[in-house]
Amino acid sequence: MNIEIEYCVPCGYLDKASDAQKTILNTFGEQIDAVTLKPGNKGVYTFRADGDVIYTKPDEFRIEEIVDIIKARL
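Residues numbered from 1 in each chain as written. Predicted model: local features only at pLDDT ≥ 70, side-chain atom pairs only at ≥ 80, totals over all residues. Heavy atoms only, no water.

**A look at the sheet that holds strand 4 (residues 52-56)**
Working definition: the strands of a sheet are paired by backbone hydrogen bonds and lie parallel or antiparallel to each other.
And then number 1: With mixed pairing, 4 strands are arranged side by side in an open sheet as 2-1-3-4. At either end of the open sheet lies a strand with only one pairing partner, and these are strand 2 (34-40) and strand 4. Each adjacent strand pair in this sheet contributes to an overall mean axis angle of 20°, direction not counted.
And then number 2: The pairing of strand 3 (residues 45-49) with strand 4 spans 4 bridges and is antiparallel. Looking across to strand 4, one finds that R48 is bridged to V53.
And then number 3: The sheet strands contacting helix 1 (residues 14-28) are strand 1 (2-8), strand 2 and strand 3, and the helix crosses strand 2 at an angle near 170°.
And then number 4: Together, strand 1, strand 3 and strand 4 form the strand contacts of helix 2 (residues 63-73), whose direction differs from that of strand 4 by roughly 160°. (Pairing = 2+ DSSP bridges. Helix = DSSP H or I, 4+ residues; strand = E, 2+ residues; numbered from the N terminus. Axes fitted to C-alpha atoms, helices over the stretch in contact; angles between N-to-C directions. Contact = heavy atoms within 4.5 Å.)

**What to know about the nonpolar core**
And then number 1: In terms of nonpolar packing, the biggest core is built from 22 residues, with I3, I5, I24, Y45, F47, I66 and I70 touching the most fellow members.
And then number 2: Residues contacting Y45, with those up to four places away along its chain left out, are I5, E6, Y7, Y13, K16, A17, A20, Y55, T56, K57 and F61. (Core = buried A, V, L, I, M, F, W, Y, C linked by side-chain atoms within 4.5 Å. Buried < 20%, exposed > 50% of the residue type's maximum accessible area, 1.4 Å probe, protein only.)

In structure tokens, the structure reads:
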């Protein structure tokens, strides 16, 4: 499974996206193929699992829910 985190560069979401990437990698290790960061703009903060959106801003961000979604898809 490939996870993509698209984040808004002008909004300063890089640290938030990097923290989420680290959490996903620490949680799933070799169970997933990749967690990539994709720079964006216009306030974007979206997570995709194999191309399917599993979280998008403005929904309340909770990394635990994203981890649970990824776990269920594995």
